[in-house]
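Given next are the chains, with one letter for each unit.
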Amino acid sequence: MPEKEHTAAMGTSLGGQASFHLLIRHTDIFGKAACMSPAFQPSILSAVATLPSSTLKDKTIYIDNGGDVDDVKVPLLDPFDHFSMNHWWNPGYWWLDSQLQPGIDAMRLALDLKGIKYDYQRFAGGRHNERAWSWRIDKPLFSLYGVKN
């Protein structure tokens, strides 16, 4: 199914921004984007702010992130992230998802001001690494391809 309605870009961190970039730059190819713990930078935010609203009206957008939420903080050390049989060191960047929150909030505001619908989820205490993203990979997939309520 090569139609844009069935074609998505999905990425994490800076790849989350790249996925969104593909969605707005190649509207004839991509109909969906999932941005997990995206590192939205000013250039993509200004691009969205200046786009005609019609560019994203028929698109499906999913955004999520972890980080500190209220009293739930990302633990400084998680032994399962730091020491495993496959990876001897994967710090999980305990601070990064919290630090990326202002860019995510700015993107959400830009989308809200344009009247663009999107699915946003926040995972309290979620780290910025592959292990954390693998725990929630079902969320963007259901958002992009699942049955809508």
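So, a few notes on the structure that sits alongside this text.

Analysis parameters
Every chain is numbered independently, its residues counted from 1 as its sequence is written. In view of the model being predicted, local features appear only for residues whose pLDDT reaches at least 70, and side-chain atom pairs are presented and counted only at 80 or more, with totals across whole chains, interfaces and linings using the full set of residues. Based on all heavy atoms of the structure, the side-chain values leave hydrogens and waters out of the count. In this scheme Phe, Tyr and Trp rings, the latter by its six-membered ring, pair at centre separations within 6.5 Å, and the angle between planes marks the pair as stacked below 30 degrees, edge-to-face above 60, and tilted otherwise. Helix and strand definitions here come from DSSP, where helices need a minimum of 4 consecutive H or I residues and strands a minimum of 2 consecutive E residues; each element is numbered from the N-terminal end. Accessibility here uses a 1.4 Å probe with only protein chains present; expressed as a share of the type maximum, an area under 20% marks a residue as buried, one over 50% as exposed, and anything in between as partly exposed. Two strands are said to pair when DSSP picks up at least two bridges between them. Helix axes use the C-alpha atoms of the stretch in contact, all axes being lines fitted to C-alpha atoms, and the angles between their N-to-C directions lie in the range 0 to 180 degrees. Every residue pair with non-hydrogen atoms within 4.5 Å of one another is taken to be in contact. Helices are assigned an expected span. That span is 1.5 Å times one less than the residue count. Throughout, the bend at a residue refers to the angle made by two axes, fitted to the seven residues ending there and to the seven starting there. Take the buried Ala, Val, Leu, Ile, Met, Phe, Trp, Tyr and Cys residues and link them wherever side-chain atoms come within 4.5 Å; each set so joined is a nonpolar core. Polar contact criterion, stated in full: a pair of N or O atoms within 3.5 Å, where within protein one must be able to donate a hydrogen and the other to accept it, and residues adjacent in sequence count only if both atoms are side-chain atoms. For this document, the term salt bridge refers to a Lys or Arg side-chain nitrogen within 4 Å of an Asp or Glu carboxyl oxygen.

**Re the packing of aromatic side chains**
Move 1: By the definition in use, this model includes one aromatic pair.
Move 2: Ring geometry for F20 versus F40: centroids 5.9 Å apart, planes at 80°, classification edge-to-face. Remark: F40 occurs in the loop between strand 2 (32-36) and helix 2 (42-50) and F20 occurs in helix 1 (residues 14-25); sequence separation between them is 20 residues. Neither residue differs from the other here; F20 and F40 are each classed as buried.

**Brief notes about the sheet that holds strand 4 (residues 119-122)**
Move 1: If you walk across this open sheet you meet the four strands as 1-2-3-4, and the pairing is parallel. The open sheet has two free edges, formed respectively by strand 1 (8-12) and strand 4, since each of these has just one partner strand. Mean inter-strand twist for the sheet, computed between neighbouring axes without regard to direction, equals 5°.
Move 2: In this structure, strand 2 lies alongside strand 3 (residues 60-65), joined through five bridges in parallel fashion. By the bridge assignment for strand 3, M36 is matched with D64.
Move 3: Contacts from helix 1 reach strand 1, strand 2 and strand 3 within the one sheet, and its direction differs from that of strand 1 by about 160°.

**Here we look at helix 4 (residues 96-114)**
Move 1: For helix 4, built from 19 residues, the straight-helix expectation of 27 Å at 1.5 Å per residue is met to within 8% by its first-to-last C-alpha distance of 28 Å.
Move 2: Taking the largest bend as the criterion, helix 4 deviates by roughly 35°, centred on P102.
Move 3: Those residues of helix 4 not exposed but buried are L96, D97, L100, Q101, G103, I104, M107, A110, L111 and K114.
Move 4: Taken together, the buried residues of helix 4 touch helix 1, helix 2, strand 3 and strand 4.
Move 5: Of the residues one or two after helix 4, G115 is the one with positive phi, at around 75°.

**Focus on the nonpolar core**
Move 1: F20, F40, L56, I61, I63, M107 and L111 are the most contacted members of the largest nonpolar core, which has 22 residues in total.
Move 2: Within the residue set of this core, elements represented by two or more residues are helix 1, strand 2, helix 2, strand 3 and helix 4.
Move 3: Apart from the residues lying within four places of it in its own chain, the contact partners of I63 are C35, P38, F40, I104, M107, L111, D119, Y120 and Q121.
Move 4: A34, M36, Y62 and L144 belong to the second largest nonpolar core, which has five residues in total.

**Concerning the environment of Y118**
Move 1: Counting through the fold element by element, Y118 comes out in the loop between helix 4 and strand 4.
Move 2: In terms of polar contacts, Y118 uses its side chain to reach the side chain of D112, at 2.9 Å.

**Details of the pattern of salt bridges**
Move 1: Across all of its chains, the model carries three salt bridges by this definition.
Move 2: For R136, the salt bridge is made with D64, and the minimal N-O distance between the two is 3.0 Å. Of this pair, R136 sits in the loop between helix 5 (130-135) and helix 6 (138-145) while D64 sits in strand 3; the two residues are 72 residues apart in sequence, bridging distant segments of the chain. Both residues of the pair, R136 and D64, belong to the buried class.

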